[in-house]
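So the chains spell out like this:
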Amino acid sequence: MAESSQNDIPKSNPAASGEYDKKCIFCKIVNKEMGTELLHCDEEISCFKDIRPAAPHHYLVVPNKHVGNCKSLTKEHVPLVKQMVELGKDMLEKNNITNLSDVRFGFHWPPFCSVTHLHLHVLAPVSQMGYMSRLIYKLNSYWFITADQLIEMLNSKEETN
Ligand code: AMP
Ligand code: ZN
């Protein structure tokens, strides 16, 4: 996967393309207005550390363009979600997390998300997460959906034109 350092200019500038929400903190982060270190930035997606980590490794993977929360997605977004998951796995691998049975990839379901810009939580190791964090990122809850569940749900939706 193509990578760039924080100082490289993203090839597709969300502000320039008009797909930038000036009130959105994640649009600002991707556009390098916040001073947040981008651990990865390519044409489509970026990754940075969550400011309030719920696990020793807690990354957020976001599309560079302002895409709304997971409830607003359609089947056409499946490749994007898969790309986000792959980047999450790459980030963990780079940080020597190889036991993929002890990781969690997912999204808070509205209204339980605090930022509207689509973001994948990448958490590891789950076995080292505290009680509250496990609750906040709980499997099979009505507030958290895993990336696999989201992909399955989107695939079962009708195509949109
Ligand atoms: P959610 O509650 O699922 O919408 O997740 C939003 C996440 O964004 C939370 O885990 C926050 O800790 C994280 N967050 C909010 N502001 C920032 C920021 N400036 N930099 C990094 N992470 C942030
Ligand atoms: Zn945004």
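Counting restarts for each chain: residues are numbered from 1 in the order of the written sequence. Labels follow written order: the first chain is A, the first ligand is 1, and so on. Predicted model: local features are reported for residues with pLDDT of at least 70 only, side-chain atom pairs are reported and counted for 80 or more only, and whole-chain, interface and lining totals are derived from all residues. With hydrogens and water excluded, all non-hydrogen atoms of the structure serve as input to the side-chain values.

1. Quick word on the overall build of the protein
Worth spelling out the cut-off: Runs of E in the DSSP output that reach at least two residues are strands. Runs of H or I that reach at least four are helices, and both are numbered from the N terminus. Partly exposed describes any residue whose relative accessible area lies between the buried limit of under 20% and the exposed limit of over 50%, with all areas from a 1.4 Å probe on protein chains only and scaled to the type maximum. Here, two residues are considered to be in contact whenever any of their heavy atoms come within 4.5 Å of each other. Under the convention used here, a 1.4 Å probe and the Shrake-Rupley method define accessible areas, while residue burial counts only the protein chains that appear.
Along its length, the protein carries four helices and six strands. Counting helices and strands in the order they occur from the N terminus, the protein gives α-β-β-β-α-β-β-α-β-α. Put simply, the protein has 161 residues, and 45% of those count as buried. Restricting to contacts in the protein with at least 6 residues of sequence separation, those with at least 24 account for 62%. As displayed, the protein has an accessible area near 8900 Å², and 51% of this comes from carbon and sulfur atoms.

2. A short note on the pattern of salt bridges
Applicable threshold: What counts as a salt bridge is simple: a side-chain nitrogen of Lys or Arg found within 4 Å of a carboxyl oxygen of Asp or Glu.
Going through the model one piece at a time under the given rule, you end up with two salt bridges. A salt bridge links Lys-65 to Glu-19; the nearest nitrogen and oxygen atoms lie 3.9 Å apart. Taken together, the positions of Lys-65 in the loop between strand E3 (57–63) and helix H2 (78–94) and Glu-19 in the segment before helix H1 (25–30) put the pair 46 residues apart, joining distant regions of the chain. Assessed through its relative accessible area of 38%, Lys-65 is described here as partly exposed. Between Glu-86 and Lys-89 there is a salt bridge whose closest N-O contact spans 3.8 Å. Placement of the pair is Glu-86 and Lys-89 together in helix H2, with a separation of three residues, close to one helical turn. Residue Lys-89 is classed as partly exposed on the basis of its relative accessible area, which comes to 31%.

3. Brief notes about the coordination of the zinc ion (ligand 2)
Under the convention used in this document: Donor atoms (N, O, S) are those found within 2.8 Å of the metal centre, with the cutoff raised to 3.2 Å for Na, K and Ca; water is not part of the atom list, so apparent gaps in a site can occur. Only four donors with every angle between 85 and 135 degrees are called tetrahedral; only four or six donors with opposite donors over 155 degrees apart and all others between 65 and 115 are called square planar or octahedral, in that order; all others are irregular.
Note on the zinc ion (ligand 2): its protein donors are Cys-24 (SG), Cys-27 (SG), His-66 (ND1) and His-117 (ND1). The metal-donor distances range over 2.0 to 2.3 Å. For the zinc ion (ligand 2), the four donor atoms are set out with angles of 105 to 118° between them, so the coordination reads as tetrahedral. Sequence positions of the residues that donate to the zinc ion (ligand 2) give the spacing C-x2-C-x38-H-x50-H. In this pair, Cys-24 sits in the segment before H1 while His-117 sits in the loop between strand E4 (104–108) and strand E5 (120–124), placing the two residues 93 residues apart along the sequence. Using a relative accessible area of 5% as the deciding quantity, one classes Cys-24 as buried. Classification of His-117 as buried rests on a relative accessible area of 0%.

4. Thoughts on the sheet that holds strand E1 (residues 40–41)
Spelled out, the test is: By the convention used here, strands pair only if DSSP detects at least 2 bridges between them. Each axis is a line fitted through C-alpha atoms, and for a helix only the stretch in contact is used; angles between axes span 0 to 180 degrees, taken between their N-to-C directions.
Taking strand neighbours across the sheet as the criterion, the six strands line up as E1-E2-E3-E5-E4-E6 in an open arrangement whose pairing is antiparallel. A single partner strand is all that each edge strand has here, and the edge strands are E1 and strand E6 (144–146). Two elements, strand E2 (residues 45–49) and E3, share five bridges in a ladder whose sense is antiparallel. Considered in E3, the bridge of Phe-48 is made with Leu-60. Together, E4, E5 and E6 form the strand contacts of helix H4 (residues 147–155), whose direction differs from that of E6 by roughly 80°.

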